[in-house]
Protein chains: 2
Amino acid sequence: MSSFIQSLNLAWQNTNSLLCVGLDPEPAKFPGAFANRSDAIFDFCRKIVDATAPYACAFKPQIAYFAAHRAEDQLEQLIAHIHLKHPELPVILDAKRGDIGSTAEQYAREAFDRYRADAVTVNPYMGFDSLEPYLAHKDKGVIVLCRTSNPGGSDLQFLDAGGRPLYQTVARLAAEKWNTTGQLGLVVGATFPKEIEVVRGLVGDMPLLIPGIGAQGGDVEATVHAGRSAAGTGMLINSSRAIIYAGNGDDYADAAASAARKTRDAINAYR
Amino acid sequence: MSSFIQSLNLAWQNTNSLLCVGLDPEPAKFPGAFANRSDAIFDFCRKIVDATAPYACAFKPQIAYFAAHRAEDQLEQLIAHIHLKHPELPVILDAKRGDIGSTAEQYAREAFDRYRADAVTVNPYMGFDSLEPYLAHKDKGVIVLCRTSNPGGSDLQFLDAGGRPLYQTVARLAAEKWNTTGQLGLVVGATFPKEIEVVRGLVGDMPLLIPGIGAQGGDVEATVHAGRSAAGTGMLINSSRAIIYAGNGDDYADAAASAARKTRDAINAYR
């Protein structure tokens, strides 16, 4: 078991939360006080992090929102801040990388050495050798896309691949062949609770990162019933926009905290 | 037809080359004169670009090699340099992005607004709505992973998906459903010439980005015979390491030019 998975198990126990707060900063949605500030992305997210930390088991910054604004330095600062102020909460870098081994080594350096993320999301389309370089970082987690929450997710993932939908084959490969080091998790969208249940049945206690509640409309009760592990945990249920943009005034961080608390409680009501 | 595809057709005609030079900078492999220079990545690549431009139809920087070294600014500089000095040669940003629509919008901004790439590589696992935000940039190209050159490429891509291997389904989706705006290309690895031939048969004249010759061992003759379009073009045959690390002394740029010229000529011998 990697130290990421151990940290995650500890966080589930100690925080009594399965909520992962997604950090998708869009400066156009920030309160007016952030306008024209060069550290706006970091500072907006830092306040969200500090306000929502009591209700979360993890944070998930989405790298595209930083890269589109030349804000890689602010992403580094943000993750360093989380590690310093909330060391019990793992950070998952949502990057969905996928490339040949020599390039994947560079992406692993980016995620783990540069950004100091505890885990990274990756894409399985290029197969196992595209995942191995991440697994060489033994204390880190690697969370593989399986069944995604977007409408086009079915285009490939629901194709019949050898008698079962492709996403189920990915879940089986992950559980039965690829997880030799105990570092893997899977992404399974909350928009498909029945499919979460199938995946849970295939992968034992493997952690599931579940986006799609909140702005994407997934059902909390159905998600929790479908995805919980034998211990009643096993899930990182992610909400991004519904929390970080819960308010748009000067009290946005309080509004985010309130939304995070309500989401945590809604999840816990069904565990 | 997007202006990327038009530029590419012009480049194929005017350069008499199907060679795409891949830029995968690894500072540990640079000649000693670059040691401890803060602009080493830009300057190493700039000299490769200027030396190999006479033999190339395009350049393909791989973003992971820049991101692992906090060198996003040098990637911006490098692409700006190519546009300024070699405006006839399109730049493909090799990023293999793939995410839900709202996030893909951010990645499209990164590739096209920030880096000013002419095309970007993307991953099809999340389906069509994960590609659409790139297609909203009408003058740009979007090159979808189909059959990749790495050993693990078969793990998913060769699964039987509805009576044919998954990569063929991706090729058909790309050609028959997703390419409504004429902006798409496909990545098909040179390590599988028979599969290039199958893909060419499915997609008409769609451009194919073909990595895997050079360091990865693909066969040039078989690749050209399998992948050429009716016009004898249609391919961006990529070589990265075999060109940019052809020499490791002060004459590395000359060595790269020589390797690029030989590779172009080897390709042209079989057109």
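You'll find the structure just up there.
As the structure is a prediction and not an experimental result, all values here were calculated from the model. Throughout this description, residue numbers start from 1 for each chain and increase along the sequence as written. Working convention: letters from A go to chains and numbers from 1 go to ligands, in the order in which they are written. At least 70 in pLDDT is required for a residue's local features to be given in this predicted model, at least 80 for side-chain atom pairs to be given and counted, and no such filter applies to totals for whole chains, interfaces and linings, which use all residues. Excluding hydrogens and water, the side-chain figures rest on all heavy atoms present in the structure.

1. What to know about helix α2 (residues 40–52) of chain B
Residues and elements named next belong to chain B. Taking 1.5 Å per residue, 13 residues should reach 18 Å; α2 reaches 18 Å between its end C-alpha atoms and fits that length. When accessible area is computed with a 1.4 Å probe and restricted to protein chains, residues below 20% of their type maximum are described as buried, those above 50% as exposed, and intermediate ones as partly exposed. Helix numbers and strand numbers start at the N terminus; a helix is a DSSP run of H or I with at least 4 residues, a strand a run of E with at least 2. The buried count for α2 comes to 10 of 13 residues, which makes it a mostly enclosed element. Those residues of α2 that fall on the buried side of the exposure criterion are A40, I41, F42, D43, F44, C45, I48, V49, A51 and T52. The secondary structure elements touched by the buried residues of α2 are β1 (19–23), β2 (58–61), α3 (63–67), α4 (72–85), α11 (241–244) and α12 (252–268). To estimate how far a helix should reach, multiply one less than its number of residues by 1.5 Å. It only takes one pair of heavy atoms within 4.5 Å for two residues to be counted as in contact.

2. A closer look at the relation of the copies chain A and chain B
It takes a turn of 180 degrees to lay chain A on chain B, together with a shift of 0.0 Å along the axis; the resulting RMSD is 0.0 Å. When the rotation and shift are considered jointly, the pair of chain copies conforms to a two-fold rotation axis. Among all residues of chain A, the minimum C-alpha distance to the rotation axis is found for A:A161, at 2.2 Å. When the interface residues of chain A are mapped onto chain B, 100% of them are again interface residues, pointing to one common binding face. Each copy is superposed on the other by least squares, with the fit set by C-alpha atoms of residues at a pLDDT of at least 70 in both.

3. Brief notes about the interface of chain A and chain B
Interfaces are frequently sized by the accessible area removed from exposure as the parts join. With 56 residues of chain A at the contact, the number on the chain B side is 56 residues. Whenever a carboxyl oxygen of Asp or Glu lies within 4 Å of a side-chain nitrogen of Lys or Arg, that contact is scored as a salt bridge. The interface formed by chain A and chain B holds six salt bridges in total. Linking B:E72 and A:R114 is a salt bridge whose minimum nitrogen-to-oxygen distance equals 2.8 Å. We call two N or O atoms a polar contact when they sit within 3.5 Å, provided that within protein one can donate a hydrogen and the other can accept it, with sequence-adjacent residues counted only if both atoms are side-chain atoms. Applying the counting criterion to the chain A and chain B interface returns 31 residue pairs in polar contact (both at pLDDT 80 or more). For the side of chain A that touches chain B, the elements supplying multiple residues, two or more each, are α3 (63–67), α4 (72–85), β3 (92–97), α5 (101–114), β5 (141–147), α7 (153–157) and α8 (166–178) of chain A. A total of seven residues in the side of chain A that touches chain B trace back to one element, the largest contributor, which is α5(A). The residue classification treats Ala, Val, Leu, Ile, Met, Phe, Trp, Tyr, Cys and Pro as nonpolar and Asp, Glu, Lys and Arg as charged. All others, Gly included, are polar. Its residues placed into classes, the side of chain A that touches chain B shows 24 nonpolar, 17 polar and 15 charged.

4. Some details on the sheet that holds β2(B)
Residues and elements named next belong to chain B. Paired strands, as defined in this entry, are two strands with at least two bridges between them according to DSSP. A sheet is described by the order of its strands in space; here eight strands give the open sequence β2-β1-β8-β7-β6-β5-β4-β3, paired in parallel fashion. Each edge of the open sheet carries a strand with a single partner, namely β2 and β3 (92–97). Within the sheet, the average angular offset between the axes of one strand and its neighbour, ignoring direction, is 30 degrees. Fitted lines through C-alpha atoms give the axes, limited to the stretch in contact for helices. The angle between two N-to-C directions lies from 0 to 180 degrees.

5. Some points on the packing of α2(B) against α12(B)
Residues and elements named next belong to chain B. Relative to each other, α2 and α12 sit at 40 degrees, their axes nearing to 8 Å. By the angle between their directions, the pair α2 and α12 is classed as oblique. Helix-helix and strand crossings are classified by hand; for α2 and α12 the assignment is right-handed. From α2, D43, F44, K47, I48, A51 and T52 reach across to α12, where they touch Y252, A253, A256, A257 and A260. Considering only residue class, the contact of α2 with α12 consists of eight nonpolar, one polar and two charged. Oblique is the label for any angle not under 35 degrees, not over 145, and not in the 65 to 115 range, which are roughly parallel, roughly antiparallel and roughly perpendicular in turn. Left-handed describes a crossing whose near helix is turned anticlockwise from the far helix through less than a right angle; right-handed describes the clockwise counterpart.

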